[in-house]
Amino acid sequence: MVYPRILQMTTYVALLVVFLGHISCSEIENRSVSDSCSTHTILPGPKGDVGEKGDPGEFGKQGKEGPMGSKGNKSQVGNSGDNGLLGKIGPIGAKGDKGYKGTPGLPGGKGKTGSFCDCGRYRKFVGQLDNNVARLKSSLMFVKNVIAGIRETDEKFYYIVKEERNYRDALTQCRIRGGTLAMPKDQATNSLISDYISKTGLFRVFIGINDIEKEKQYMYTDNTPLQNFSSWKAGEPNDGSGYEDCVEMQSTGDWNDVECNLTIYFMCEFSKKAK
Ligand SMILES: [Ca+2]
Ligand SMILES: [Ca+2]
């Protein structure tokens, strides 16, 4: 049965309280009679009334600096700024690719009626020009050959100087002009020179051959000996006076040894090659 058991436990509790109260009073016999020990009841009294509200406390100390807050949210887009200054002109860019071929243009208007091309006249005119040029060339050749007195081969010019000089002076005069006394080294050149002499109306001129250094050993003025060609007149060279060490060419093309002190006209030659 539950009920008798609860009653039994209550009885035990009451007896324990009385016993505890008796021990307590025996320990505090020296207290006044008005103390709680005037009764054996030690149960707490009723709860008091609510006290008055306390005065406000003083301001607390300043707290420590808190940790850095987290990054805030992105704000709204700001207003547009003012226009910037005009920038510098940039460098010239690379040449662009060639564009596509344009569309054909509109056909041009019809031309006026042409006249008949008298091409024959132009051809005739051009032909006359050619003839005139040829005549001019011929005239120049005439001037050179007749008036200026110059003959030429592929390699050299020849020029008769109509001044009477001995051999050494004649050679000097040719060299002053950039040449030397004429040196016929083949029949063609010899013929050209002799023809030049005869056409000029002369009989003889000095040419660049002598045996001054060694008798009977004839040399050209360029210090080369006579080789495979000579055009000695019959009986020459005879060294007739014993001092005939220089050579003249006669209008016939024949050579003759004469004295070097003889003063006659002379013929120079000039190379066409630049020195
Ligand atoms: Ca001689
Ligand atoms: Ca002679």
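What you see is a predicted model; the values in this text were computed from it and never measured.

Draft legend 1. Looking closely at the overall build of the protein chain. When you go through the protein chain residue by residue, the secondary structure sums to four helices and eight strands. Listing the helices and strands of the protein chain from first to last along the sequence gives α-α-β-β-α-β-α-β-β-β-β-β. Per-residue burial for the protein chain yields a buried fraction of 15% across its 275 residues. Contacts in the protein chain between residues at least 24 apart in sequence constitute 64% of all its contacts with a sequence separation of at least 6.

Draft legend 2. A look at the pairing of strand β7 (residues 255-258). Note that strand β6 (residues 246-250) and β7 share four bridges and pair antiparallel. Bridging across to β7, Val247 finds its partner in Asp257. Hairpin connection, β6 to β7: the antiparallel pair is bridged by four residues, and Gly253 has positive phi, about 95°.

Draft legend 3. Representation of helix α4 (residues 187-199) within the structure. If you check α4, its first and last C-alpha atoms are 18 Å apart, about what 13 residues at 1.5 Å a residue would give, namely 18 Å. All of the buried residues in α4 are Asn190, Ile193, Ser194, Tyr196 and Ile197. For α4, the arc enclosing every buried residue in end-on projection is 155°, short of the 170-degree limit, so these residues lie on one face. Facing away from the buried side of α4 by over 90 degrees, the exposed positions are Gln187 and Ala188. Looking at the buried side of α4, the elements it contacts are β1 (150-152), β2 (156-165), β4 (204-210), β6 and β8 (264-271).

Draft legend 4. Representation of the nonpolar core. In terms of nonpolar packing, the biggest core is built from 26 residues, with Leu181, Val205, Phe206, Ile207 and Met267 touching the most fellow members. At the level of secondary structure, the elements contributing two or more residues to this core comprise β2, α3 (167-176), α4, β4, β6, β7 and β8. Setting aside residues no more than four positions away along its own chain, Met267 makes contact with Tyr158, Tyr159, Ile160, Leu181, Ala182, Ile193, Val205 and Ile207.

Draft legend 5. Quick look at the environment of Ser271. By the element assignment, Ser271 lies in strand β8. Ignoring any residue separated from it by four or fewer positions in sequence, one finds Ser271 in contact with Glu155 and Lys156.

Draft legend 6. Structural context of the confidence of the model for the protein chain. In the predicted model, the protein chain carries a mean pLDDT of 82, and the fraction of residues at 70 or more is 78%. With pLDDT under 50 throughout, residues 17-39 is counted as low confidence; its partners more than four residues away or in other chains account for eight contacts.

Draft legend 7. Inspection of the environment of Gln187 at higher detail. Summarising the element assignment, Gln187 is placed in helix α4. Separated by 66 residues in the primary sequence, Gln187 and Gly253 have C-alpha atoms spaced 9.3 Å apart.

Draft legend 8. Expanded view of α3. All of the buried residues in α3 are Tyr167, Ala170, Leu171 and Cys174. Buried residues of α3, seen end-on, are gathered within an arc of 100° and therefore sit on one face of the element. Here the buried face of α3 lies against β2, β3 (180-181), β4, β6 and β8. Directly beyond the C-terminal end of α3, a positive phi value near 90° is found at Gly178.

Draft legend 9. The arrangement of the pairing of β4 in detail. Of all the seven residues making up β4, six are buried; the element is thus mostly covered by neighbouring parts of the structure. Both β4 and β6 contribute to a ladder of five bridges, which runs antiparallel. Bridged to Val205 within β6 is Met249. Taken together, the two bridges between β4 and strand β5 (residues 219-220) define a ladder with antiparallel strand orientation. In the sheet register, Asn210 faces β5, and the bridge partner there is Met219.

Draft legend 10. Representation of unusual backbone geometry within the structure. Following Glu236, the chain continues into Pro237 via a peptide bond in cis, with omega recorded as -5°. Topologically, Pro237 is positioned in the loop between β5 and β6. If you check the backbone angles, Asn223 has positive phi at about 65° while not being a glycine. Locating Asn223 in the fold gives a position in the loop between β5 and β6. Located in the positive-phi region is Asp239, a residue other than glycine, with phi close to 50°. Counting through the fold element by element, Asp239 comes out in the loop between β5 and β6.

About the cut-offs
- Residues numbered from 1 in each chain as written.
- Chains lettered and ligands numbered in written order.
- Predicted model: local features only at pLDDT ≥ 70, side-chain atom pairs only at ≥ 80, totals over all residues.
- Helix = DSSP H or I, 4+ residues; strand = E, 2+ residues; numbered from the N terminus.
- Buried ≥ 20, exposed ≤ 12 C-beta atoms within 10 Å, placed from the backbone.
- Contact = placed C-beta atoms within 7 Å.
- Pairing = 2+ DSSP bridges.
- Expected span 1.5 Å × (residues − 1).
- Arc of directions from axis to C-beta.
- Core = buried A, V, L, I, M, F, W, Y, C linked by C-beta atoms within 7 Å.
- pLDDT = per-residue confidence, 0-100.

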